Amino acid sequence: MKRTLSLFLLMTAVVAVHLLCRWTGSLFYLTPITMSAYYSLLIIGLCVVMGYAGQISLGHAGFFAIGGYLSAALTTRNLAGFQDALPVRLLDAAGLLVAGKNVYGAAQLVVTPWAACVAAVLAAALIALLIGIPVLKLKGHYLAMATLGFGIIVSKIAMAVPYFGEADGISEVPPFRLLPGLSVAGGSAHRVANYYIAWTLVLVGVLLLQNLIHSRVGRALRAIHGSERAADSIGVDTARYKLNIFVLSAVFAAIAGVFLTHYNGAIGPSEAGVMKSVRYVAIVAVGGMAHIWGALIMGTILNFLSLRGVFGTYDDAVFGAILVLIMLFSPDGILRMGIVDRLRRIVTRRRGGD
Amino acid sequence: MGRRDLAFGFFFCNGRKGGTSPPFSIFGYDTSFSSMTLELFIQYLFAGITYGSIYAIVAIGFNIIYNTTGIINFAQGEFVMLGGMISISLLSFMPLPLAIILAVAVTMAIGALIEIVFIRWLKEPSVLRLVIITIGISMLIREAALYLWGEGVRSLPYFTGNAITAMSVLGARISPQVLWVVCTCGLMVLALTFFFRVTPAGREMRACAANRKAAILCGINTRNMVTLSFMLSAGIGALAGCMMSPITYTQYDTGTGLAIKGFTVAILGGLGNSGGAVAAGLLLGIIEAFSVSVVPLAFQDVIAIAILLIILFVRPNGLFSPGEAAGSRTF
C-alpha cells in the first residue's frame, strides 16, 4: 500500500512540476529535469547494487557510455560504403537500416534507433555479465579498483577510437521515434513529451526495483549485504544474485545512456569519465545507500542543480565535498539524519494524544 | 593523458638518430619485435625502468598505509601530483634542491592533515566508507590543484643539463634525468627498509601492522603510527613526483592514472609487500614501454589496467606472495 502511495506521489509530483513550470512560464526548466531523470534512472540501479547488495561500483559511467555511444554510433555512422558486405545486407533485409542523406547531401545508410537501442542495451548487459563474473568475486578495495579500472578502460576506448569520435564524441544523433508522433529528441517542440517519457521510464524502473527489493531476491541481497558467508551458508546463491543485480543495474545505466544520448543529440567522452562514476556513487551515498527514493530524489535535485550550472566551475569539487562530508558525518544519507524519524515521532505522538 | 604521450615522444626523441621513423608505431607499420634493434631495445628498457620505478614508489606508498591501517588510500596519486606542483611553484623563490625538500615537507604535512581531519576520529569505519572518503579526498585535492595551478602542464627543469642532454648507453641515448629517477627511487627503497628494520618508529609501525591490539598493549600509540604512515607515503610520493616532473610533466590530474598503476603494481607484488612492489613496478613499466611498439599509444593505459584486472581475477594475492586471497579477506 505504502509502495503504491509513493509511486502515486511521484506521479503527482511530476505532473505538479510540469504544471508549475507552465504556470510560471518557465518550461525551459523541464529540459534539465528530463536529463536529471535519465541520470536518476542510472542512479537507482546503482543504488540497489551498492545499498542492497553491498557491492561498490566505480564503473557505472562505463555502462552508461556503452549504451549511449553504441546507440549514437550505430544511428550516425554511415554504412553506405559497406553496402555489399554480408552483415550490412542481412541488417537491410531485416529492415533494420534506414537510408537517408547526411548534412552534405550524400547517401547515408544507418541503423534504426530501435535496433541500435536494443543492440546497445544487450551489449551493455553482455559486458556487465562478462565483467561481473570475475569482478564480483572481489571485495572491498579490490572490487572498487577493478570497477574503476573497467570505467577507465571504457573512457580510454571512447577517447582513442575514431569510430566513437575520439575527444569530440558523436554529435548529430537522430531522434529516437518510440511511437508515431512521440520521439526522444531535443528541441522545445518535444520538451513536454520527453519530460513524460523520461519520468515514465523512471517510474517503471522504480516500480521494478521496489518489487525486486521486497521479494525473495531483495531479501537475499540484503542477506548478502549483511554477511556474505552467512547468506551462503543458509543457501543463498550469492554469486548469482550479485551478478544478476549487477547486470540489471548495467541495463538501467545503458537505457539511460541510450535515451539521454538521443535526447541530447550527442554524447562526449566526459560521460564515460571516472568523475561521472564517482558522482553517481556520491549521489547514492547522499540518498542513503539502501534507499531508492533517497537516491531518486537526490539524483534529480543534484543533477538538476549541476546541469543548471548552480555549482559553476566548482561542479566536481562540490560532488567531492558532498561525498566526503556525507561519509564522515552521516553515512546513512542526508535523508536519514534523523529528521524523518523525528518528524515521524512527532506525528505519532500527536496521533497517540488524540 | 595526452601530456604523458607527448612526454613519451620527447623521451624517445633523444634516442632517435636522424629522425627517420618514430620508434613507437601505430598499427600498420613497424610493429614487429624482430625489427627492433639493440639500441631501440635498450631505449625501451630504460623508459620502462624509469616509469617502473615511479610506479613502484607509488605502490610502496599504498603499502605503507595499507600495512598500518588496512586502508587503500585512493588519494595516493594526488600526493605525487602535489609534490611536483608545489616544487614547481616554490622554484621561483628558491634553488631547486631546497624547493624539492620543502615540497616534500609540505606534502607530508598535507598527508598528516588528511589523516587527522578525515580518518583519525572515525570509529571502526567500514571499508566502503573509507574507500568513498579517500576517493572524495582525491577529488577535492585534484579540484584544488586545478584552481591553484590551472589546467596547464608544468614541469621542473632537468636536474642535470636540459631536455636534449643525453648519455650514450650501448648506442641508446638516455637522459640523465632517468638516472636521477632510478637512483632516487632506489635510495628511497633502501632508506625505507632501513627505517622499518632499524629505527624505533619504523619498528613500532611494523608492530602496528602485525597486530594492532598487541601493539596497543605494548604501549605503542597506534593512532600516531597511522598519521606517520600517511606522512611517510605522502613524502615518498611527493619526492617521486618531483623526480619525474621533468620527464613526464605534472598536471592537476596526473594523480588518477598514477594511482591506478601504482595499485596495479601493489597488487601484482602482493599488497603490503614492498619488495614485491619494486619487482612488479619494474615489470609493469617495462611491459608498458614495450607495448608501445605493438599497440597504439592511446591504449597504453588500457594495458596496465587490463593487467590489473587479469591479476585481480587470476591471482589476487600477487605474483610473489602466497598470502590469503583477496576474496577471503574480511575488510
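Residues numbered from 1 in each chain as written. Chains lettered and ligands numbered in written order. Predicted model: local features only at pLDDT ≥ 70, side-chain atom pairs only at ≥ 80, totals over all residues.

(A) Summary view of the overall build of chain B. Helix and strand counts for chain B come out as twelve helices and two strands. Along chain B, from the amino end to the carboxyl end, the secondary structure elements read α-α-α-α-α-β-β-α-α-α-α-α-α-α. Looking at the 331 residues of chain B, the share that counts as buried comes to 51%. Residue pairs at least 24 apart in sequence account for 76% of intrachain contacts in chain B once pairs closer than 6 positions are excluded. (Helix = DSSP H or I, 4+ residues; strand = E, 2+ residues; numbered from the N terminus. Buried ≥ 20, exposed ≤ 12 C-beta atoms within 10 Å, placed from the backbone. Contact = placed C-beta atoms within 7 Å.)

(B) Spatial organisation of the environment of Arg223(B). Position of Arg223(B) among the secondary structure elements: in helix 9 (residues 222-248). Sequence separation between Arg223(B) and Thr69(B) is 154 residues, and the spatial gap between their C-alpha atoms is 9.4 Å.

(C) Seen up close, the interface of chain B and chain A. Facing 32 residues of chain B, the contacting portion of chain A comprises 31 residues. Mapped onto the side of chain B that touches chain A, the elements with two or more residues apiece are helix 5 (127-149), helix 10 (254-268) and helix 12 (300-314) of chain B. In the side of chain B that touches chain A, the residues fall into 25 nonpolar, three polar and four charged. (Nonpolar A, V, L, I, M, F, W, Y, C, P; charged D, E, K, R; others polar.)

(D) Broad picture of helix 12 of chain B. The terminal C-alpha atoms of helix 12 of chain B, which comprises 15 residues, lie 21 Å apart, in line with the 21 Å expected from a rise of 1.5 Å per residue. What helix 12 of chain B keeps buried is the set Gln300(B), Asp301(B), Val302(B), Ala304(B), Ile305(B), Ile307(B), Leu308(B), Leu309(B), Ile311(B) and Leu312(B). Of the surrounding elements, those touching the buried residues of helix 12 of chain B are helix 6 (140-160) of chain A together with helix 10 and helix 11 (274-291) of chain B. (Expected span 1.5 Å × (residues − 1).)

(E) Structural detail: the pairing of strand 3 (residues 176-179) of chain A. All names here are of chain A. Pairing between strand 3 and strand 4 (residues 182-184): three bridges, direction antiparallel. Bridge pairing in strand 4 links phenylalanine 176 to valine 184. Counting the residues between successive antiparallel strands, the hairpin from strand 3 to strand 4 contains two residues, one of them, glycine 181, with a positive phi of roughly 85°. (Pairing = 2+ DSSP bridges.)

(F) Local environment of helix 8 (residues 216-226) of chain A. All names here are of chain A. Within the sequence span of helix 8, burial applies to Ala220, Leu221 and Ile224. Each buried residue of helix 8 sits inside an arc of 100° when the element is viewed along its axis, so together they form one side. Looking at the buried positions of helix 8, the neighbouring elements they touch are helix 2 (30-52), helix 9 (228-233) and helix 10 (238-264). (Arc of directions from axis to C-beta.)

(G) Structural view of the packing of helix 10 of chain B against helix 11 of chain B. All names here are of chain B. Where helix 10 contacts helix 11, the axes come no closer than 8 Å and their chain directions differ by 125°. Classified by the angle between their axes, helix 10 and helix 11 sit oblique to one another. Two packed elements cross with a definite hand, and for helix 10 against helix 11 that hand is right-handed. Contacts between helix 10 and helix 11 involve Lys261, Thr264, Val265, Ala266 and Leu268 from the former and Ala277, Ala280, Gly281, Leu283 and Leu284 from the latter. Split into classes, the residues belonging to the contact of helix 10 with helix 11 amount to seven nonpolar, two polar and one charged. (Axes fitted to C-alpha atoms, helices over the stretch in contact; angles between N-to-C directions. Parallel < 35°, antiparallel > 145°, perpendicular 65-115°, else oblique. Left-handed = near helix turned anticlockwise from the far one by under 90°.)

(H) Spotlight on unusual backbone geometry. Of note, Glu166(A) is a non-glycine position whose phi angle comes to about 50°, a positive value. Residue placement: Glu166(A) occurs in the loop between helix 6 and strand 3. For Glu166(A), a count of 14 C-beta atoms within 10 Å corresponds to the partly exposed category. Located in the positive-phi region is Tyr249(B), a residue other than glycine, with phi close to 65°. Mapped onto the elements, Tyr249(B) comes out in the loop between helix 9 and helix 10.

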